Amino acid sequence: MPDSQKEALVSLITEALGTMGVNDVNVVLERPKSPEHGDIACTVAMHLARTLKKNPREIANQIVAALKANADFDKLIKSIDIAGPGFINMRFQDSARQNIVRQVLTAGTAFGRNDTHKNESVLLEFVSANPTGPLHLGHARQGALGDVLANILSTQGWKVMREFYYNDAGVQISNLAESIKLRARQIQGEEIELPENAYHGEYVISIAQDYLDKKPVHAHDGTVIESTGNLNDTDTIRRYGVAYLRNEQDDDLAALGVKFDNFYLESSLYSSGRVAAAVQAMIDSGRTEEKEDALWLKTPDCKDLGIVDDKPRVMRKADGTFTYFVPDVAYHLAKFERGFTKAVNIQGSDHHGTIARVRCGLQCCALALGFTIPVTFPEYILHKMLSVVKDGQPVKMSKRSGNYVTLRDLVDMAGRDAARFFLVARKADAEFVFDINLAQQKSDENPVYYLQYAHARICSIFAAAADKGYTVPSKEELIKADLSSLTSEQAGQLMAKIAEYPALLTQAAKDNAPHMLCYYLKDLAASFHTFYNAERVLTDNEAERNARLALLAATRQVLANGLSLLGISAPEYMARREEA
């Protein structure tokens with residue numbers, strides 16, 4: 001149902017309640033699970049039963065009577081009845097249903113968008129891989145989830161920033177530099193066995209060879225890292241290896257269709273003094289203690305701040321170094337200070353234990369600095385890993401990485417469109433198996449093919465209309481077309497599904513749930529195919545033909561809009577064009 005109609009119906013029900021002396025009630029409208037129960041249902045009678053101390057069906061009867069007394073009600077609603085304990089089920093007038101077609105065609109690519117959060121900004125941080133090797137499947141899932149969620153949030157008016165946080169200050173970077181050195185010495189003929197903590201993938205050999213050949217690395221930010229070829233120049237080897245792998249990671253993300261607005265270096269948190277400032281703020285909050293030559297954050301004492309953690313956490317170890325959650329607190333404090341009212345981190349489920357300590361550290365900093373930071377800042381989407389199968393067998397590794405399937409392997413095997421869809425089609429906290437064979441199928445069993453084929457099929461119908469000599473109406477003519485013939489059950493269900501799109505985007509953004517868009521588009525495509533199989537579109541009756549073409553044009557627009565948010569192509573032709 002279009003938002004305007006939903007608002008109109010909510011207003012009518014609110015007015016009806018007002019005539020009963022009931023005010024300030026949140027009226028919620030739901031779509032019945034079965035089309036037989038109508039287009040929309042209201043459960044407010046059951047919610048009011050306890051307050052009014054009446055049977056919900058009695059309340060429902062009062063509401064229905066008040067609605068029918070309103071002259072505007074019949075303009076919107078064709079029928080209304082009460083079911084079960086007090087459900088109020090309604091069917092819209094055909095004209096009200098049909099209006100969604102005009103709304104979609106008029107709005108075009110803007111259909112489904114609103115500016116509710118136009119004055120708010122959100123930072124999505126995802127992938128954030130160490131620059132020490134190729135991106136793995138977990139990074140692939142984060143990349144797709146983050147990019148699609150960013151697109152969905154933008155439909156609600158959010159100003160979105162996609163950010164990649166580089167851990168360029170840890171021991172892993174030192175291990176990378178040492179691994180490059182060892183591989184370079186092997187290339188020079190030395191007999192050396194790699195230690196267990198070295199990086200063993202073939203990519204390290206490529207870096208070592210290019211370093212020895214003194215090939216410069218042209219970073220994507222415009223800087224150039226020159227090689228001296230000197231294996232004793234550890235600092236240059238480190239910077240060379242990091243730049244080399246950052247380039248590779250950027251190329252792999254581009255293959256998945258993922259781009260970032262900003263790259264944030266962990267090292268900058270130290271050089272700018274942010275880590276020291278965050279530590280001092282936590283100390284000033286009075287929630288830390290010195291014990292066993294270490295500095296501890298007393299996270300169990302943060303219950304009054306809305307945070308629950310089971311034991312104190314070490315901030316500064318006895319050797320003077322900070323544990324990893326301390327720069328995380330400094331980083332998220334920087335996010336807040338940069339003006340982001342919402343922050344979402346997309347990480348693997350192994351990060352679950354960091355949530356409480358990071359939020360606790362933030363609240364302590366806020367207490368000391370006089371800030372008001374939401375307790376749920378940052379929000380987290382924790383995803384589970386996935387496995388890949390091909391020809392019924394697990395795909396476990398690639399030579400390039402040494403021991404795991406890479407993001408690039410997945411894109412090369414499945415293609416960008418299939419990779420992106422499959423990676424976001426399930427809830428983030430659900431494990432799943434990525435079937436390469438299914439992703440490559442050109443059949444309805446492959447959901448990507450199913451959606452793209454629905455779009456292409458509609459395009460083919462318009463092409464067939466021209467081939468048969470019919471005058472194909474322009475977009476403006478379709479907007480003005482007589483839609484009164486769109487009264488069949490299949491047409492009604494398709495229009496109802498189209499009308500759900502704006503609310504679907506709002507809910508997916510609210511819940512940080514991009515998978516909801518995948519489910520919706522599959523349902524929309526199914527509704528289209530049901531309509532197409534039930535009614536001949538290209539009839540000789542011009543008014544009926546143009547009405548059905550208008551409905552298909554609206555369907556195509558919503559499919560294209562949704563596929564665009566998923567970062568998936570919407571082809572106009574797929575295989576042989578079908579007879580319409």
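Above this text sits the structure in question.
All figures in this text were calculated on a predicted structure; none of them were measured in a lab.

1. With respect to the packing of aromatic side chains
Going through the model one piece at a time under the given rule, you end up with 19 aromatic pairs. When the centroid spacing of 5.9 Å and the interplanar angle of 15° are considered together, the rings of Phe-111 and Tyr-501 count as stacked. Note that Phe-111 is positioned in the loop between helix H5 (94–107) and strand S5 (121–126) and Tyr-501 in helix H20 (residues 501–510), a separation of 390 residues in sequence. Residue class for Tyr-501 comes out buried when judged on its relative accessible area of 1%. Centroid distance Phe-422 to Phe-434: 4.9 Å. Interplanar angle 35°. Geometry classified as tilted. A residue pair is termed long-range when its members are at least 10 positions apart, and Phe-422 in helix H15 (residues 416–424) and Phe-434 in strand S17 (residues 432–435) qualify at 12 residues.

2. Thoughts on the pattern of salt bridges
Side chains that differ in charge, positive against negative, can pair when their charged atoms come close. This model, assessed by the stated rule, comprises 26 salt bridges. Across the pair Glu-163 and Arg-338 runs a salt bridge whose closest N-O atoms are separated by 2.5 Å. In this pair, Glu-163 sits in strand S6 (residues 159–166) while Arg-338 sits in the loop between helix H12 (325–337) and strand S13 (342–348), placing the two residues 175 residues apart along the sequence. You can call Glu-163 buried: its relative accessible area is 0%. Look at Arg-338 and you get partly exposed, because its relative accessible area is 32%. Residue Asp-304 is joined to Arg-287 by a salt bridge in which the shortest nitrogen-to-oxygen separation is 3.0 Å. In this pair, Asp-304 sits in the loop between strand S11 (294–297) and strand S12 (313–316) while Arg-287 sits in the loop between helix H11 (274–284) and strand S10 (288–291), placing the two residues 17 residues apart along the sequence. Accessibility expressed as a relative area gives 56% for Asp-304, which makes it exposed. The exposure class of Arg-287 is buried, given its relative accessible area of 13%. Through salt bridges that share partners, Arg-31, Lys-497, Glu-500 and Asp-523 make up one connected network.

Thresholds applied
- Residues numbered from 1 in each chain as written.
- Predicted model: local features only at pLDDT ≥ 70, side-chain atom pairs only at ≥ 80, totals over all residues.
- Heavy atoms only, no water.
- Phe/Tyr/Trp six-rings, centres within 6.5 Å; stacked < 30°, edge-to-face > 60°.
- Helix = DSSP H or I, 4+ residues; strand = E, 2+ residues; numbered from the N terminus.
- Buried < 20%, exposed > 50% of the residue type's maximum accessible area, 1.4 Å probe, protein only.
- Salt bridge = Lys/Arg side-chain N within 4 Å of Asp/Glu carboxyl O.

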